Amino acid sequence: MTTYIIRRLLVTIPVLFGIILVVFIVGRLLPGDPCHILLGERASNAVCAAFNHDFGYDRPVLQQFGDYLSALSHGDLGRSLRTNLPVGDLLISRLPMTVELSFYALLFATIVGILLGVLSAYRRNSAVDVVTMAIANLGVSIPVFVLGLLFAFLFAIVLKDTFFALPPAGRLTAGVSVVPLAERWGLTGYAGPVRAIVDFVSNMYTFNALLSFQWGLLADGLRHLILPAVALGTIPLAIIARITRSSLLEVLGLDYVRTARAKGLAESAVVRKHGLPNAMLPVVTIIGLQVGGLLAGAVLTETIFGLAGVGRALYDAITSHDFAVIQGFVFVISVGFLLVNLLVDISYAYLDPRIRLS
Amino acid sequence: MTRPSGRLPRFATLFAGVVLVAAACTPAASTAPTGAPPTTGQTQGASAEPFDGTSFPQTAIDCSNRPKDYTGQISQIVAVDRLTVEFHLCDADVSFLSKLAFASSEIQDSDWLKAHAPDKSYVRNPNGTGPYMLKEWVEGDHVTLEANPNYWGDAPKAKTVVIRWSTEAASRLQELQAGTVDGIDNVGTDDFATVQGDSNLQLKEREALNVLYLGFNVDQAPWNNEKVREAVAMGIDRARIAANFYPAGSEAAKYFTPCAIPAACGGSEWPAFDAGKAKQMLTDAGFDFSKTYNFHYRTKVRSYLPSPTEVATDIQSQFKDNLGINIKLVVEKDDTFLSDSSLGKFPMILLGWGADYPDVTDFLDIFFGTGADKAFGTHFPDIEQLLTQGKTQPSVSDREATYGKVNDLLVQHVPMIPLVHGGSATAWKADVQGAHSSPIGSEYLAVMTPGDRDQLVWMQNSEPSGLYCGDETDGDALRICEQIFDSLYTYEVGGLKTIPSLATSCDPSTDGKVYTCHLKDGVKFAQGGTLDANDVVLSFQVQIDAGDPLHTGNLPGQWYNQYLFGGCLNAEPATCDPIAPASPAPS
Amino acid sequence: MSSVASPADLIADQLATARPASLWRDTIANVLRQRNAQIGLVVLAILVFFAVFADQLAAFGPDDVLLGHEDGVKRLTAPCVHLLGCAPTQVEHFFGLDGNARDEFSRVIHGARISLWIGFVTVGFAIVIGALIGLVAGYAEGVLDTVLMRTMDVILVFPSLLLAIAIVAALGPSLLNAQIAIGIVAIPIYARVMRASVLTVKENGFVTASRALGEGAAGLIFRRILPNAVTPIIVTGTLGIATAVLEVAALSFLGLGAQPPLAEWGSMIGLDRKYLFTAPHLILFPGIFLSMTVFGFNLLGDGLRDALDPRLNR
């Protein structure tokens, strides 16, 4: 198993380097010059020359890449061209929002998706199955931005002043403020990676609320997350439901399950004891694969629900050519991605020894 | 400067200063208030500490023999005594007080600048004298302000102000309707009726101090033919655009400059819509109807252009229906459109202009004066000459006559077609008392009472990029600065009239070239420091002197006051005057 | 080359006869028996009908601004269908009018033409390039294979929409560039499918034999490998059209794809977002059509997969 993990890690390294290279090249390919974009629309050439010198854009591209790599090896992601803030700080303030949103979206998608899938397989070819699968098929077909807009309209305007009213945008009700965990735990004097992790968790407001027992804040944060999480989670939900159903049906058709049935075990018990555990392998894989889709969906979801997450920040950075932010964000996201893929592969290998040997 | 916590080393320099710049100092003991407590043994027994008034620049600029590259209107700013500042100008300036009232002329504490400008920390940690102070700024999400306990004026009505943002008018209205915010900026054109029809909301319209125009590069075919341009001016139904795509309070433009501005509307009006005649003129001019011509615009929402794509689409359809001309819409990137168009790159554009201060020069001179950019191609010398003349005429009636002639020439030459003066509006919950709109976007949140809540939530278009407004140009940043900082003058609530703020008065000399400003006494900065004349001098100095070590800002190159006051000093290595429309970027 | 039938040709004939015309008929019948495929085909047939007859069905051109053409016309008018009780005095506009007083129904059904075109062209582009890469990689093996497939991995690591946004930002926003971006992002899928097919066919005894008997590379590719890869490519491609339509619409929604005044659904929704409260029909109708198109291709793709390639059926 260890050799498999090491081999898998080694394969990841060139991909990682490829990512850094691709991000750097794409960043340099963006047309227009960052100076005019960032310094206002009538910045003179002299100002731009000073700006480019300041950020090192007047150096040869190869040297810039070298500088970038060496900074990266020190954990320095550079400073945003637009806000002048360190990209690392920006990540700590933006990424938690997206992770939190994706977490709830995936949680919703997994729980409801597996439930629907099991129900559908259990009652295969019944009306329930047909309706569930039709909904699943529709679910993967409605664009996030259409669904999000319709949700916002329905829950914030049509259902306004009812029990079901939900806020159309934002992370918290205005005026509700969040005390950073570092402050609460007396860590303000500290710096470094531990502090960064604490700040990261702290910026996931619902987790912050949980860790500091602020139930009101938790409820407020969750209320704001429901609409975006459901909108974002609908496509993964549909995919998970379909995979669960087909995987379960396949397993239920296998010999040992038939044997179990022949023993006179009730169908529900067959599904629960013999079907589900064995059908979960592809489901786990597919859940892992949804992470990438969630991040892409987050760009649209955050746009519609006015959330300051990483998707929106990256979109803004790309369209305003903030190289430093693009590079830093994409690098970190890709590393996270590779890690998730790695985890999925490893868990897969753990569950299915044949893969390890191939 | 006269912070009570002053320490010994400062007094050493202070006395050295007295000797060195004695000429600039008036006997401090006689003017300083008795209220100021002595801070060290050195001044023990004296009724006040001595005042070391600074000047910027050290030696007044000789306006008839200016330093190379200095185009500015400021000759010298002098702290005469602790509470008196003199502004020496090169020429009389009727808009001087308006410029002093502008957010970029906010007064900073000298000590704060010295401590926080070098590392730029003042960009995110402002220290002002205004009704509010910054409580927190959650990047990307919101800014929270709380009442400044030391505020010199009436205490702000709402204890806390939360500022949020969304670029989408629909989202802003949605939040207002859902009750999560108290007020929103820039109500969508088609939502005016929605707001007015909702008894829970109130609409506050903004006066249309702007202009949308269709600009030609008069050097590029086929628009290099004056007759063709004239025909187009006649063939575009401006009223249809104003009526369909603009909110109430907007009007089809009769002149380039909005008529609310004094002396703006004399001379010829733009010709009335007449499609038949226009088409005939084009045919007579031998216009090539077989080609498709490009029409460049950007999708940035401005109050002069609340629905960019819809207006561009309608103009495209009008060209086709009224004139038989096919045009293609080309969306330009926000970031490059202005600089590219200022170089005359585009044959035909849709763009607009909003007033910085209410004077004709802020419209006509900027577009058609000697310093104007090349967006419309080669300048018209007859117009330039009249504008140079108008700028120096003190009498209102003389100016009216001159600008009337300019308007005649604009109709004759048609470098552009003014289309619409666009109104806009803010919307508020009905229970917000004191809700208002300002024609230049300076809404004062401190005078608003949000019903029985002690917090006012305001939602604008965008997040500020910084809260040091010496180098911010975006109205969304300037508005927040105006809650935190004060300038010597301010605009009256919801209006354009300038009224004293940190100054009790600023009095012009008879030739209008010297303004003497008297400061309010005992004004405290929210995070420590007391206002004095040196704060005023340094606040302007760090903006206009590009060589000053405290001239740092957020990002280089957005110094509004260099533009308002015409230029900057010590521009090494040439970092001056980037936003001034008068100095187009060299190609 | 030579008039004498080579052994390779003989094997080829054998392979060809292994797929007689009746098999294709069976396959089609098999597809038509799938409920998913049936529904998908019906949905797509309706859309194709709209797309083909858009000019006849629509009362107006998609870009016709009705200001100045219709008396008392007002922007953003709500839908009016006389059969559903709309006052007969009012002019009939099934889906209402948009922000420029254009007939929304005309725009939406012309949008069907654009979106179908987007789907086929984008996926076609991705298939051609992807298949080429997959072929080369699978056929060559060794270093070239590793380099090509690792490159594909790198592309796959990026969230597709973000990579597409970056590509469009580099190329400049336009419908064509959005299609190129989404096409590029989809290439690895087809490269992988193709490479897998190549490897499978290569291990097939017949092909080894035919190569041993001297068939050229081109012949091998076009007569042995490609026919074998057709099925998975068709299945993946059909599902890919759904994704492509969705993602191009997403780019257009963000203002990076189709440019005004083109009646593309994503761009229409993006531009008319601001009318969500005053004229929700401008979001609803393009939204429904967009969803139905994606729905149709998804179902058809599922049906094809179930019918053609049981191995993929998981």
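Everything below is about the structure shown above.
Summarised in this report is the structure supplied together with it. (Residues numbered from 1 in each chain as written. Chains lettered and ligands numbered in written order. Predicted model: local features only at pLDDT ≥ 70, side-chain atom pairs only at ≥ 80, totals over all residues.)

1. Here we look at the overall build of chain C
For step 1, the next point in the chain: When its secondary structure is counted, chain C shows twelve helices and zero strands.
For step 2, the next point in the chain: A fraction of 72% describes how many contacts in chain C between residues 6 or more apart in sequence connect residues 24 or more apart. (Helix = DSSP H or I, 4+ residues; strand = E, 2+ residues; numbered from the N terminus. Contact = placed C-beta atoms within 7 Å.)

2. Thoughts on the interface of chain A and chain C
For step 1, the next point in the chain: Listed by partner, the interface residues are 35 residues for chain A and 33 residues for chain C.
For step 2, the next point in the chain: Those elements that provide at least two residues to the side of chain A that touches chain C are helix 1 (2-29), helix 6 (127-139), helix 7 (144-158), helix 11 (215-252), helix 13 (267-304), helix 14 (310-319) and helix 15 (323-351) of chain A.
For step 3, the next point in the chain: Ranked by the residues each element gives to the side of chain A that touches chain C, the list is headed by helix 1 of chain A, at seven residues.
For step 4, the next point in the chain: Of the residues that constitute the side of chain A that touches chain C, the class distribution is 27 nonpolar, eight polar and no charged. (Nonpolar A, V, L, I, M, F, W, Y, C, P; charged D, E, K, R; others polar.)

3. Focus on the sheet that holds strand 22 (residues 514-519) of chain B
Residue and element names in this part refer to chain B.
For step 1, the next point in the chain: Strand order in the open sheet formed by five strands is 1-2-3-22-21, and the pairing between neighbours is antiparallel. Edge positions in the sheet fall to strand 1 (55-56) and strand 21 (503-508), since each of these pairs with one other strand and no more.
For step 2, the next point in the chain: In this sheet, strand 22 lies alongside strand 3 (residues 84-89) in antiparallel orientation, the contact comprising five bridges. Residue pairing across strands places valine 85 opposite cysteine 517, the latter belonging to strand 22.
For step 3, the next point in the chain: Docked against the sheet, helix 16 (residues 533-544) engages strand 1, strand 2 (74-81), strand 3 and strand 22, running at close to 160° with respect to strand 2. (Pairing = 2+ DSSP bridges. Axes fitted to C-alpha atoms, helices over the stretch in contact; angles between N-to-C directions.)

4. A few points about the packing of helix 5 (residues 87-122) of chain A against helix 11 of chain A
Residue and element names in this part refer to chain A.
For step 1, the next point in the chain: Helix 11 packs onto helix 5 with a crossing angle of 35° between their chain directions and a minimal axis gap of 5 Å. Once helix 5 is placed against helix 11, the crossing between them reads as right-handed.
For step 2, the next point in the chain: The residue makeup of the contact of helix 5 with helix 11, split by class, is 24 nonpolar, six polar and two charged. (Left-handed = near helix turned anticlockwise from the far one by under 90°.)

5. Concerning the sheet that holds strand 7 (residues 183-184) of chain B
Residue and element names in this part refer to chain B.
For step 1, the next point in the chain: Across the sheet, which stays open at both edges, the seven strands sit in the order 4-5-6-18-7-15-8 with mixed pairing between neighbours. The open sheet has two free edges, formed respectively by strand 4 (132-138) and strand 8 (201-206), since each of these has just one partner strand.
For step 2, the next point in the chain: Sheet analysis places strand 6 (residues 160-165) next to strand 18 (residues 455-460), joined by six bridges and oriented parallel. Bridging across to strand 18, tryptophan 165 finds its partner in glutamine 460.
For step 3, the next point in the chain: The strands touched by helix 15 (residues 475-484) within the sheet are strand 4, strand 5 (142-147), strand 6 and strand 18, with strand 4 carrying the most contacts at an inclination of about 135°.

6. Quick notes on the packing of helix 13 of chain A against helix 7 (residues 160-171) of chain C
For step 1, the next point in the chain: Where helix 13 of chain A meets helix 7 of chain C, the closest approach of the two axes is 7 Å, and the angle between their N-to-C directions is 60°. What the angle tells us is that helix 13 of chain A and helix 7 of chain C run oblique. On helix 7 of chain C, the residues touching Leu295, Ala296 and Val299 of chain A of helix 13 of chain A are Ser160, Leu161 and Leu162 of chain C.
For step 2, the next point in the chain: Grouping the constituent residues of the contact of helix 13 of chain A with helix 7 of chain C by class yields five nonpolar, one polar and no charged. (Parallel < 35°, antiparallel > 145°, perpendicular 65-115°, else oblique.)

7. Some points on the pairing of strand 22 of chain B
All names here are of chain B.
For step 1, the next point in the chain: Only one face of strand 22 is buried, namely the one carrying Tyr515, Cys517 and Leu519, since none of Val514, Thr516 and His518 on the opposite face is buried.
For step 2, the next point in the chain: The pairing of strand 21 with strand 22 spans five bridges and is antiparallel. When the sheet's bridge partners are listed, proline 508 is paired in strand 22 with tyrosine 515.
For step 3, the next point in the chain: Where strand 21 hands over to strand 22, the hairpin turn is made up of five residues, of which glycine 512 adopts a positive phi near 75°. (Buried ≥ 20, exposed ≤ 12 C-beta atoms within 10 Å, placed from the backbone.)

8. Notes on the pairing of strand 15 (residues 424-429) of chain B
Residues and elements named next belong to chain B.
For step 1, the next point in the chain: When you tally the buried positions in strand 15, you get six out of six residues, the bulk of the element.
For step 2, the next point in the chain: Pairing between strand 7 and strand 15: two bridges, direction antiparallel. Within the sheet, the bridge partner assigned to isoleucine 184 lies in strand 15 and is alanine 427.
For step 3, the next point in the chain: Bridge count for strand 8 against strand 15 is six bridges, and the pairing is antiparallel. Its bridge partner being in strand 15, arginine 206 is matched across the sheet by serine 424.

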